[in-house]
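# Inside the fold
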Amino acid sequence: MGEFTVHNVRFYDFEPKSIQCMSYEDESNRLALSRADGSVEIWNCKHRPFMQQVIQGDEDSSVEALAWCNGRLFSAGLHGFLLEYDLASCTVRSRTAVTGGPTWCLALSPNKQKLAAGTEDGYVCLFNVDEDRVVYDKSLAKQEGRILSIGWHLSGNYIVSGSVNCVRLWSLKDGRVTRCSMGQTRGREIIVWCVAILDDMTIVSGDSRGKTCFWNSTLGTMTQYVQTHKADVLSLVICPEQKLLYVAGVDPTIVQVKLVQTGSKSGRKECWMRSLPRSIHTHDVRAMALTSNGKLYSGGVDTVLALSYYPPKTVIKYRALPHPGSISIAGEAEAILLRYKDRLDLWRLGHYQGNKKKPSGSFLPISQDRVKLLELQCKEDEVTEWSAISSSGKWIAYIVQGNHRLFHFNLPKDGNGLSIQRIKAINESIKQCRQVLWIAEGKLASVALDGTIQIISVTEAEAEVDMELCLEPGHSVNKMKANREGSILVVADNHEVITAFNLRKDTKSVLPKYSAPVTALGIHPVTSDVVVVYADMMVKEYSLQTQHYTPFCREFLSECPAELTKRNSVVHDVSFDVRHKNLVLLHDDSAIIVLNKEKSVSEPYVNNKPAKMKRRDYSARRVNGKVEKGKSTLCFTIARRPNQILHFSHVKNDSVVSVELDDLQLLDKLPTTLKVKKYGGV
């Protein structure tokens, strides 16, 4: 295995945003969640959860509620519109005005034909969900106070809503409204943040007192309450069997409330009791989503998406990552381009002093520190959506509202100063896009909103389209990579189809389809073989010359490597080193994984009780605790990092760059948590 000089980039001021709301669809195994900056993330949860798509937002946008309906995603917010998203182009497909202004909550009917929205002015608006559009149906009788939460009964004939100081039950057949009054506590208002209704017409609500209340919908009276939290209850989900529910809020503990039988045999009765708590988050839990198989997703102010379930007792945390197109590396120039909402920063990486070999893991003395070469500021009303830089660092592209911004940049060299020039002559045939990639110097691959891929030739004078690449109808690009020469472009689309385009020969080939979604792909710079990593941690290597899997893949990668199945996070990127063609560099949230294709061991020494090390070689296959003789296996080297890895790739020669985020750096940006008095504490 080769040795690398690692540039630890920790000056990227990445600020994850809190999770506002979420919605899960069991049919497609997808989780949609919104963040405080108005962006919506689509997570694929079929195998290991990972962020598959991002719908960009801005500081002025608001997403307060999300709802899935037969593969279609809807949202509502303070802008007063019901939005439907086009998941192929990651844009807004339609806007429907909601009566009553700002919208706080959204719920889908059990038959998936209607949407109910609760508004600031006290209206509950109903919409019909047709095959190709959303049509306003009617508004229920206006009530006092804003509608903060809403839910449907299984029959579809009743809607329950939560407001200030009351819970209401709406009968859609006769228009009758049953009001359940909360009263007031010492003159303070009680806010009902979340509400639901069981199949037996029992209403469940969570309020600002930290209580989970149960109501008789016929009489409008409270039958029981459970003091589950010490502060506001913000989120509530009910299990399919209707005998278990989870609540969480400002007090970040997720509490399980269970329906149990109490009393003697002669007089048994059922009541709800506080059960097992889950201490997962550090700050407010604002949203939860429950799957049909009992897995609970939760998130809130601490920006972490958590997955928990029992049995067995399992908690997995997925930390927030920068959206795709936020970090771009100029390998030949040894520079890094960092994207923020309102600007781009270009930094030249530092250099170390001397050529003396030092022990692995030691820090090298710096001869030249990093230098900030360029800062591109956007206009006040503009938000950057994607950015890319060429390998030489001379070409920069970013996207604003689907429009290209192209620049030619001259690095300081031989006494010449910095210079930057914007390419304003952009041909009208260039379409609005959502993703760009420099495949060569002056050659830009642009993913248009209609799904086509335009290869754009860029000079200092103008930019024009060279050729257009088309996928199958209805397919859109999720990921794409190009080889060093810019002659091959590999694209993974939203239907898990991987297509390799030969730009010189104007041909294309489709790789064998696999059942799991693609999380990372790369093209070997020497052999042009395509390496693909899937969500179930399966690694495949495909030869574009023979149009088959490589012999190495057939021999060693026919099954998922056991070393990777133990990891909870998916692989985010694949990179290579030209000097060592047998090395494949992978990375996930917390580790760098090096696959050595040349090194295979048949009977290595295996310690049955290995010590805990940050770096470990996995080079043997175990069967019942022993090494299986006569069979070769791969050599994986996993280097665990103490910080979260945001980006990792090869730069130049023996250099690699690792962009990392310290957890303490994130905690400093979060608000204070709920203060709870502890025994023996101050």
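What comes next is a walk through the structure. None of the values given here were measured: they were computed from a predicted structure.

## Things to note about the overall build of the protein
Helix and strand counts for the protein come out as 3 helices and 61 strands. In terms of C-alpha radius of gyration, the protein reaches 28 Å, essentially the compact-globule figure of 26 Å for 682 residues. Along the longest, intermediate and shortest principal axes, the C-alpha atoms of the protein span 80 × 65 × 55 Å. The 682 residues of the protein split such that 54% are buried. Of the accessible surface of the protein, which amounts to about 31,900 Å², a share of 47% is contributed by carbon and sulfur atoms.

## Notes on the sheet that holds strand 19 (residues 202-207)
An order of 18-19-20-21 is seen for the 4 strands of this open sheet, with the pairing classed as antiparallel. With one partner strand each, in any of the chains shown, strand 18 (192-197) and strand 21 (221-227) form the two edges of the open sheet. Averaged over neighbouring strand pairs, the angle between their axes works out to 20 degrees when direction is ignored.

## Some details on the packing of aromatic side chains
A full pass over the atoms with the stated rule returns 11 aromatic pairs. Note on F11 and W347: the rings are 4.7 Å apart at their centroids and 45 degrees apart in plane angle, and the pair reads as tilted. Here W347 lies in strand 32 (residues 343-348) and F11 lies in the loop between strand 1 (5-9) and strand 2 (19-25), a separation of 336 residues in the sequence. Like F11, the residue W347 is buried in the burial classification. Plain terms: the ring middles of W395 and W438 are 6.1 Å apart, the flat faces sit at 35 degrees to each other, and that makes the pair tilted. In this pair, W395 sits in strand 37 (residues 395-400) while W438 sits in strand 41 (residues 433-440), placing the two residues 43 residues apart along the sequence. Between K540 and the ring centre of Y549, over which it is positioned, the NZ or CZ distance is 5.3 Å. One residue, K597, lies across the ring of F552, its end atom 5.6 Å from the ring centre.

## A look at the state of the cysteines
Tallied over the entire structure, the rule returns 0 disulfides. C378 carries a free sulfur, and the closest cysteine sulfur to it, the one in C433, is 14 Å from it. C378 gets classed as buried once you look at its relative accessible area, which sits at 14%.

## Remarks on unusual backbone geometry
A cis geometry characterises the amide bond from Y310 onward to P311, with omega recorded as -5 degrees. Relative to the helices and strands, P311 resides in the loop between strand 28 (305-309) and strand 29 (314-318). A cis geometry characterises the amide bond from P311 onward to P312, with omega recorded as -15 degrees. Relative to the helices and strands, P312 is located in the loop between strand 28 and strand 29. For N165, which is not a glycine, the phi torsion comes out positive at approximately 70 degrees. Examined against the element boundaries, N165 turns out to sit in the loop between strand 15 (158-162) and strand 16 (166-171).

## Re the environment of T262
Assignment of secondary structure puts T262 in strand 24 (residues 254-262). Here the alpha-carbon distance between T262 and V63, two residues 199 residues apart in the chain, equals 43 Å. Setting aside anything within four residues of it in sequence, one finds T262 in contact with G267, R268, K269, C271 and M273.

## A word on the pairing of strand 36 (residues 384-389)
Here is the key point about a regular strand: its side chains alternate between the two faces of the sheet. Burial analysis of strand 36 places 5 of its 6 residues in the buried class, the great majority of the element. Pairing analysis gives 5 bridges linking strand 36 to strand 37, with the strands arranged antiparallel. When the sheet's bridge partners are listed, A388 is paired in strand 37 with A397.

## Overview of the sheet that holds strand 24
Ordered in space as 22-23-24-25, the 4 strands form an open sheet in which the pairing is antiparallel. In this open sheet, the two strands that pair with only one neighbour each are strand 22 (233-238) and strand 25 (269-278). Averaged over neighbouring strand pairs, the angle between their axes works out to 25 degrees when direction is ignored. Pairing analysis gives 5 bridges linking strand 22 to strand 23 (residues 244-249), with the strands arranged antiparallel.

## Observations concerning a nonpolar patch on the surface
A cluster of nonpolar residues, Y352, L364 and I366, forms a patch on the protein surface that exposes about 250 Å² of accessible area. Along the chain, the position of L364 falls in the loop between strand 33 (351-352) and strand 34 (366-368). Using a relative accessible area of 32% as the deciding quantity, one classes L364 as partly exposed.

Cut-offs used in this document
- Residues numbered from 1 in each chain as written.
- Predicted model: local features only at pLDDT ≥ 70, side-chain atom pairs only at ≥ 80, totals over all residues.
- Heavy atoms only, no water.
- Helix = DSSP H or I, 4+ residues; strand = E, 2+ residues; numbered from the N terminus.
- Rg over C-alpha atoms; globule rule 2.2 N^0.38 Å.
- Buried < 20%, exposed > 50% of the residue type's maximum accessible area, 1.4 Å probe, protein only.
- Areas by Shrake-Rupley, 256 points an atom, 1.4 Å probe, with all protein chains shown as cover.
- Pairing = 2+ DSSP bridges.
- Axes fitted to C-alpha atoms, helices over the stretch in contact; angles between N-to-C directions.
- Phe/Tyr/Trp six-rings, centres within 6.5 Å; stacked < 30°, edge-to-face > 60°.
- Lys NZ or Arg CZ within 6 Å of the ring centre and 35° of its normal.
- Disulfide = S-S within 2.5 Å.
- Contact = heavy atoms within 4.5 Å.
- Patch = residues over 30% accessible without salt bridge, like charges linked within 9 Å, V, L, I, M, F, W, Y side chains within 5 Å.
- Salt bridge = Lys/Arg side-chain N within 4 Å of Asp/Glu carboxyl O.

Any functional reading would require information beyond the geometric quantities listed.
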